[in-house]
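Descriptive analysis of the structure
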Amino acid sequence: MHFIEKLSFFRANNITTLLHDLMKYPQLLLITLLTLILGTTLQARQLTIQAAPDHSGYTAQQFPLDDGLLEIDRGYYTVGETEVFNPEAWSISFSGNKVSFIENRDGAVYLSNLTPTGRKSAEENLEFFNAQDETMKVYAFDDGRTVTRDNVANFTFFDPAGEVLFSQSNSSQSSDGERESQLAADAFGQTIVLYNPVISYGSTRGSQARVIFNEEESNRFFNSQSSEIKNLSVSKNGSFITILTSDNTLFLFDRFGNELNQISFDDDQIGVSLTDDAEYVTVFSSSRAQVIDALSGERLGSTSSRSPVVYASYIPEDDTILILGGAVQGNQINDPMMTAVNISQRQIDREEISMPLAVHDMQKVRISRERASHYRLDGLNRSLIITASF
């Protein structure tokens, strides 16, 4: 009997016969040992990335909505049966239940809110807008509200019906000038932060940020005349705020603007993500991600990336760092790659992503845990299902 045939025969017999015959067939012993070793390795480490089933055919110009699709083609933005041509600004809410556009219609500026089917839920003529202003921007929230950036520093808040709630000026009043103000918030706009990322003060440049509670109440919780804000983000549940400054200092605040901690870094950091309970923070540079205990400042682990880091997140339940890498050009991510690192086991695995990826708003990129070793990456032109087994 040929030794490969003998292998099949062994599987049907008891272990005593198997061991006896393995000694008689050295070749079979070697194959068996290699099979066991390779099988163990394959089971121990495996990283797979798939598109969510209903997103598998999407291109880099198609963005998923809640039971719908936004498609961009030669300047036309199509949702259901509704088309918007060359909007000045657009925004998809976190869950995809709403799309907002700022349109310039022959010199008149309009705010339009669409449902995922393309039905207009609100439309408002923004008579106070200058149609030539290139700083217009719009932010859509899952609760139906919308915020527009009217110019460099002024923001207007709208209810779900498109009616004006109030306006806020975020001007620093610096005579030396400032860059456009920005807005950061959680999905439902429970915590909204307006901030000036760069303010000129003569020969120095600083920044400031404040939490907006309502029309009458706000808190300017951060103010620096020597460091710029490189990244400001609000945690998914709206309970915490992080600020990363140009001197590579990370500040952690609660939703009211009370400072909880600050941590300094020696290298140049570009982004931050925070676990929901704010126990751990992931800070990443263009080539490296590290996990920090947010309160003690202790570094729990770090890893390098073969491609530029787009986003990184730590999953404490699995003690795993997930890194989305690639080169961002416009809104597309070229040569995307996923890296998974298990800190406690000191194991790393990488996998190239063969699907075209694009991002419409970096603030909406999130990685969530579905169950042990299974994750979902949202905020791109397709959601990705990631499995990382160590």
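If you're wondering where the values come from, they're calculated on a predicted model, not measured in any experiment.

Quick word on a negative patch on the surface
Negative charge collects at one region of the surface, where D276, D277, E279 and E317 lie side by side. Topologically, E317 is positioned in the loop between β26 (309-315) and β27 (320-329).

Description of the nonpolar core
The biggest cluster of nonpolar side chains holds 34 residues, and the ones touching the most others in it are I49, I321, L324, M338, I353, L377 and L380. Contributing elements (two or more residues each) for this core: β1 (46-51), β23 (280-284), β24 (288-293), β26, β27, β28 (332-342), β32 (374-378) and β33 (384-389). Once you skip the residues sitting within four places of it in the chain, L324 turns out to touch P308, V309, V310, Y311, I333, M337, M338, I353, L357, L377 and L380. Grouped together as the second largest cluster of nonpolar side chains are 14 residues, V211, F222, I243 and F253 included.

Comments concerning the pairing of strand β21 (residues 259-264)
Bridge analysis of strand β20 (residues 249-254) against β21 gives 5 bridges, and the strand direction is antiparallel. Looking at the pairing, F251 lines up with Q262 of β21. The hairpin formed by β20 and β21 contains 4 residues between the paired strands, and G257 there has a positive phi angle of roughly 95°.

Notes on the pairing of strand β6 (residues 89-92)
Both β6 and strand β7 (residues 99-105) contribute to a ladder of 4 bridges, which runs antiparallel. Its bridge partner lying in β7, S91 is registered against S100. Where β6 hands over to β7, the hairpin turn is made up of 6 residues, of which G96 adopts a positive phi near 80°.

A look at the sheet that holds strand β4 (residues 76-79)
The strand order across the open sheet built from 4 strands is β2-β3-β4-β5, with neighbouring strands paired in antiparallel fashion. Strands at the two margins of the open sheet, each flanked by one partner only, are β2 (62-65) and β5 (82-85). Within this sheet the neighbouring strands show an average axis-to-axis angle of 20°, counted without direction.

Quick word on empty space enclosed by the protein
Counted by the stated rule, this structure contains 2 cavities of 30 Å³ or more. Estimated volume of the largest cavity: approximately 70 Å³. Around the largest cavity sit F94, Y139, A140, F141, L183, A184, A185, D186, D361, Q363 and K364, which together line it. Listed by contribution, the elements that provide at least two residues to the lining of the largest cavity are β10 (137-140) and β14 (182-185). Per-element tally for the lining of the largest cavity: the top contributor is β14, with 3 residues. Among the residues making up the lining of the largest cavity, the classes are represented as 7 nonpolar, 1 polar and 3 charged. Looking at the second largest cavity, its volume works out to about 50 Å³. Lining the second largest cavity are T242, L250, L252, N261, I263, L274, V281 and A294. Its residues assigned to classes, the lining of the second largest cavity comprises 6 nonpolar, 2 polar and no charged.

Rules used in this analysis
- Residues numbered from 1 in each chain as written.
- Predicted model: local features only at pLDDT ≥ 70, side-chain atom pairs only at ≥ 80, totals over all residues.
- Heavy atoms only, no water.
- Patch = residues over 30% accessible without salt bridge, like charges linked within 9 Å, V, L, I, M, F, W, Y side chains within 5 Å.
- Areas by Shrake-Rupley, 256 points an atom, 1.4 Å probe, with all protein chains shown as cover.
- Salt bridge = Lys/Arg side-chain N within 4 Å of Asp/Glu carboxyl O.
- Lys, Arg positive; Asp, Glu negative; His and termini not counted.
- Charge placed at Lys NZ, Arg CZ, Asp CG, Glu CD.
- Helix = DSSP H or I, 4+ residues; strand = E, 2+ residues; numbered from the N terminus.
- Core = buried A, V, L, I, M, F, W, Y, C linked by side-chain atoms within 4.5 Å.
- Buried < 20%, exposed > 50% of the residue type's maximum accessible area, 1.4 Å probe, protein only.
- Contact = heavy atoms within 4.5 Å.
- Pairing = 2+ DSSP bridges.
- Axes fitted to C-alpha atoms, helices over the stretch in contact; angles between N-to-C directions.
- 1 Å grid on protein atoms, 1.4 Å probe; cavity = no way out; pocket = protein on both sides within 12 Å on 5 of 7 lines; lining within 4 Å.
- Points joined across faces, edges and corners; volume = space filled by probe spheres on them.
- Nonpolar A, V, L, I, M, F, W, Y, C, P; charged D, E, K, R; others polar.

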